[in-house]
Amino acid sequence: MSAYLVLIGLVVLERLAELVVARRNLAWARSRGGVEYGRRHFPWIVLAHVALLAAAPTEVWLLGRPFVPLLGWPMLAVVVLAQGLRWWCVRTLGRQWNTRVVVVPGLPLVHSGPYRWLRHPNYVAVVAEGLALPLVHSAWLTALAFTAANAVLLSVRIHVENAALARGLIR
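Residues numbered from 1 in each chain as written. Predicted model: local features only at pLDDT ≥ 70, side-chain atom pairs only at ≥ 80, totals over all residues. Heavy atoms only, no water.

1. Points about helix H1 (residues 2–31)
Its 30 residues place the ends of H1 44 Å apart at the C-alpha level, agreeing with the 44 Å of an ideal helix rising 1.5 Å per residue. Directly beyond the C-terminal end of H1, a positive phi value near 85° is found at Gly-33. (Helix = DSSP H or I, 4+ residues; strand = E, 2+ residues; numbered from the N terminus. Expected span 1.5 Å × (residues − 1).)

2. Some words on the packing of H1 against helix H4 (residues 121–135)
Between H1 and H4, the least distance of the axes is 11 Å, while the angle of their chain directions is 155°. Taken together, the axes of H1 and H4 lie roughly antiparallel to each other. Counting all contacts with H1, which are made through Tyr-4, Leu-7, Ile-8, Val-11 and Arg-15, the residues of H4 involved are Glu-129, Leu-133 and Pro-134. (Axes fitted to C-alpha atoms, helices over the stretch in contact; angles between N-to-C directions. Parallel < 35°, antiparallel > 145°, perpendicular 65-115°, else oblique. Contact = heavy atoms within 4.5 Å.)

3. Section: the pattern of salt bridges
Throughout the structure, instances matching the rule amount to 10 salt bridges. Between Arg-15 and Glu-14 there is a salt bridge, with its nearest N and O atoms 2.9 Å apart. For the residue pair Arg-15 and Glu-14, the accessibility class agrees, reading buried in each case. Between Arg-30 and Glu-36 there is a salt bridge, with its nearest N and O atoms 3.3 Å apart. Classification of Arg-30 as partly exposed rests on a relative accessible area of 45%. For Glu-36, a relative accessible area of 15% corresponds to the buried category. (Salt bridge = Lys/Arg side-chain N within 4 Å of Asp/Glu carboxyl O. Buried < 20%, exposed > 50% of the residue type's maximum accessible area, 1.4 Å probe, protein only.)

4. Brief notes about the nonpolar core
Membership of the largest hydrophobic core comes to 15 residues, with the highest contact counts inside it found for Tyr-4, Leu-7, Leu-133 and Val-136. Counting only elements with at least two residues in this core, the list comes to H1, helix H2 (42–63), helix H3 (69–93) and H4. It is H1 that provides the largest number of residues to this core, a total of four residues. Setting aside its immediate chain neighbours within four residues, Leu-133 contacts Tyr-4, Leu-7, Ile-8, Val-11, Leu-53 and Val-79. Within the second largest apolar cluster, 11 residues are counted, among which are Ala-22, Cys-89, Tyr-115 and Ala-125. (Core = buried A, V, L, I, M, F, W, Y, C linked by side-chain atoms within 4.5 Å.)

5. Digging into the packing of aromatic side chains
Scanning the entire structure with this criterion turns up two aromatic pairs. On the numbers, 5.3 Å between centres and 80° between planes, the contact of Phe-67 with Trp-73 is edge-to-face. You can call Phe-67 partly exposed: its relative accessible area is 32%. Assessed through its relative accessible area of 53%, Trp-73 is described here as exposed. With a centroid separation of 6.1 Å and an interplanar angle of 55°, the aromatic rings of Trp-88 and Trp-117 are classed as tilted. A residue pair is termed long-range when its members are at least 10 positions apart, and Trp-88 in helix H3 and Trp-117 in the loop between strand E2 (101–103) and H4 qualify at 29 residues. Given the relative accessible area of 38%, Trp-88 is considered partly exposed. By relative accessible area, which is 59% here, Trp-117 ends up exposed. (Phe/Tyr/Trp six-rings, centres within 6.5 Å; stacked < 30°, edge-to-face > 60°.)

Take a look at the structure:
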């Protein structure tokens, strides 16, 4: 359990690093006329991610979920790969990356890095991590609940993001 708490703590630190980058990028975007879309759904996304990080270790502790090596090690690999994909997206988008949907009018759509193959690769990382992180320590209820909530939230988010990109970017 203590190793799992360290893993959760590392993911929390990663999230805090994301927020620092996002805040800096938001200031940059706003200084260039950036427009934010989808403010109403953003708090729900934050709530879902905080709930994931709280619920997974709570489920492990309260329900005595074991570490099952045959499941846990591959899920840990998925978590690590998801972090790599997430930061590849951050690096590829540079100042255009944000945790919010912010579009700077006139900027071209990015087609490099993982965006060569997928329109929303960051969300692949979110889905993979949201399923795998709880399963590292067999917290399957958290994995199911987050995955279901995340599916709803991402359907809204992707719709908002696609509409915002269509309005504000040069194709």
